[in-house]
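Now for the letters of each chain:
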Amino acid sequence: GAGVSQSPSNKVTEKGKDVELRCDPISGHTALYWYRQSLGQGLEFLIYFQGNSAPDKSGLPSDRFSAERTGGSVSTLTIQRTQQEDSAVYLCASSLAGSGGGSPLHFGNGTRLTVT
Amino acid sequence: AQSVTQLGSHVSVSEGALVLLRCNYSSSVPPYLFWYVQYPNQGLQLLLKYTSAATLVKGINGFEAEFKKSETSFHLTKPSAHMSDAAEYFCAVSGYNFNKFYFGSGTKLNVKP
């Protein structure tokens, strides 16, 4: 079956523009996570969805960042008024039942965002 | 609080040598533990997971890890390194009463011919 799909794979944008990053999780996976990976850094948690609701938004770095999930499936991460420090790889992952059941995360290949 | 510490941001071994990547966790409850591998320009791929069954867990590509509660460790090993093992490896912890996966900072494995 299909894995986690992210689009676009690469995005170059000018400082101050808005961008939308899309994630299609594995069918049937109720939990969806967004992480950010900056050059040479580890994974930074951004937000977690269970179904369409986001019980944990604690990792969003500023109010320029928002995310939504519709139909318990596709999720969109939006960054408004992009800044150069937003340049990173944005990784999406889905899980059958979230962390509580020991289900592992399944990752997409990420979107590489470059803000010029 | 939960956290993961990976000792050594870079590890270099010769082809055919033992691979040992260290991971220690801090968790107030019995954890679920995972090792992931990331090849360049790709997402993370699950190598293996511990979910309170056998303490010695075998994964893909010949890797295995042993859960040692007394040492709060979950080190990743492979008896004989192959050039294709060169990648970055991440240890992660989650648990039944919290909804995040906590990742270590990663260890880049270099395999010398």
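Reading the values: the criteria
- Residues numbered from 1 in each chain as written.
- Chains lettered and ligands numbered in written order.
- Predicted model: local features only at pLDDT ≥ 70, side-chain atom pairs only at ≥ 80, totals over all residues.
- Heavy atoms only, no water.
- Disulfide = S-S within 2.5 Å.
- Helix = DSSP H or I, 4+ residues; strand = E, 2+ residues; numbered from the N terminus.
- Buried < 20%, exposed > 50% of the residue type's maximum accessible area, 1.4 Å probe, protein only.
- Contact = heavy atoms within 4.5 Å.
- Buried area = accessible area lost by both parts, 1.4 Å probe.
- Salt bridge = Lys/Arg side-chain N within 4 Å of Asp/Glu carboxyl O.
- Polar contact = N/O pair within 3.5 Å; in protein donor to acceptor, adjacent residues only side chain to side chain.
- Nonpolar A, V, L, I, M, F, W, Y, C, P; charged D, E, K, R; others polar.

Trainee: Run through the state of the cysteines, naming residues and quoting values.
Mentor: Joining two cysteines, a disulfide is a covalent bond between their sulfur atoms. In total, this model carries two disulfides over all chains according to the counting rule given. Paired through a disulfide, Cys23 of chain A and Cys92 of chain A show a sulfur-sulfur distance of 1.9 Å. As the torsion about the S-S bond is roughly -70 degrees, the Cys23 of chain A-Cys92 of chain A disulfide counts as left-handed. Residue Cys23 of chain A is located in strand E3 (residues 19–24), and its partner Cys92 of chain A is located in strand E9 (residues 88–95); the two are separated by 69 residues in the primary sequence. Of the two residues examined, Cys23 of chain A and Cys92 of chain A, each falls in the buried class. What pairs with Cys23 of chain B in a disulfide is Cys91 of chain B, and their sulfur atoms sit 1.9 Å apart. With the S-S bond torsion at -65 degrees, the cross-link from Cys23 of chain B to Cys91 of chain B turns out left-handed.

Trainee: Could you give an account of the interface of chain A and chain B, with specific residues and numbers?
Mentor: The partner chain B presents 21 residues to the 23 residues of chain A that form the contact. Buried surface at the junction of chain A and chain B, both sides included, amounts to about 1700 Å², of which 56% is carbon and sulfur. For the interface between chain A and chain B, the tally reads zero salt bridges. Linking chain A with chain B are five residue pairs in polar contact (both at pLDDT 80 or more), by the criterion used here. Contributing elements (two or more residues each) for the side of chain A that touches chain B: strand E4 (31–37), strand E5 (43–50) and strand E6 (53–56) of chain A. Within the side of chain A that touches chain B, the residues separate by chemical class into ten nonpolar, eleven polar and two charged.

That is the geometry; function is a separate question.
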